Amino acid sequence: MLGNGQTMSDQMTVLVKRMRQEVPDCLASGVVDLATGMLLSVETTDAHPPEVLDLLAGATLDLFQGRTVVMIEDIFKERRGIAGNEHYFQEILVNSANLTHLFLRDNRNADVVAVVVCPRSANIGMLIAGARRVVKSVEL
């Protein structure tokens, strides 16, 4: 239980619902746990096959903690004399043919990544600002 009486699962459900409600043009939102590689919560306007949703979690893990990404982070840390486990990559924006996907690492729990999907026509500034506001306001 968190201090507000809600479980972590409750908070993730709140997060994905608020993303869908508050991020302009949001088509889908989810939460991925990088520690387990699992999609913990998802809400979408379309039905997606379960195997696609499972792949989303794995792809998110690769984006943030894939072998090459970790190597890049380690090189930057070494060159800058930084010791620690913090991650450089906090947000990743991916444009596909028709969609924009925003992946945001939670500031308080680096193993939690929120995912927001919008049409490619969405205003990217509004997408990022709205998603950051929601992630910051929900305690995970």
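Bear in mind the structure is a predicted one, so any value in this text is a computation, not a measurement. (Residues numbered from 1 in each chain as written. Predicted model: local features only at pLDDT ≥ 70, side-chain atom pairs only at ≥ 80, totals over all residues. Heavy atoms only, no water.)

Participant: What exactly am I supposed to notice about the layout of surface pockets here?
Facilitator: Empty space among the atoms can be located by rolling a probe the size of a water molecule over them. The calculated volume of the largest pocket comes to roughly 330 Å³. Ala-28, His-48, Leu-56, His-101 and Val-117 are, among the 17 residues lining the largest pocket, the residues nearest its centre. Looking at the lining of the largest pocket, the elements with two or more residues in it are β1 (28-33), β2 (38-44), α2 (50-65), β4 (99-105) and β5 (112-119). Here the lining of the largest pocket is composed, by residue class, of ten nonpolar, six polar and one charged. (1 Å grid on protein atoms, 1.4 Å probe; cavity = no way out; pocket = protein on both sides within 12 Å on 5 of 7 lines; lining within 4 Å. Points joined across faces, edges and corners; volume = space filled by probe spheres on them. Helix = DSSP H or I, 4+ residues; strand = E, 2+ residues; numbered from the N terminus. Nonpolar A, V, L, I, M, F, W, Y, C, P; charged D, E, K, R; others polar.)

Participant: Teacher, can you tell me more about the packing of α2 against helix α3 (residues 67-80) here?
Facilitator: In the contact formed by α2 and α3, the axes pass within 6 Å of each other and the chain directions differ by 25°. In terms of orientation, α2 and α3 fall into the roughly parallel class. Handedness of the crossing formed by α2 with α3: left-handed. On α3, the residues touching Asp-62, Leu-63, Phe-64 and Gln-65 of α2 are Arg-67, Val-69 and Val-70. Residue classes in the contact of α2 with α3 are distributed as four nonpolar, one polar and two charged. (Axes fitted to C-alpha atoms, helices over the stretch in contact; angles between N-to-C directions. Parallel < 35°, antiparallel > 145°, perpendicular 65-115°, else oblique. Left-handed = near helix turned anticlockwise from the far one by under 90°. Contact = heavy atoms within 4.5 Å.)

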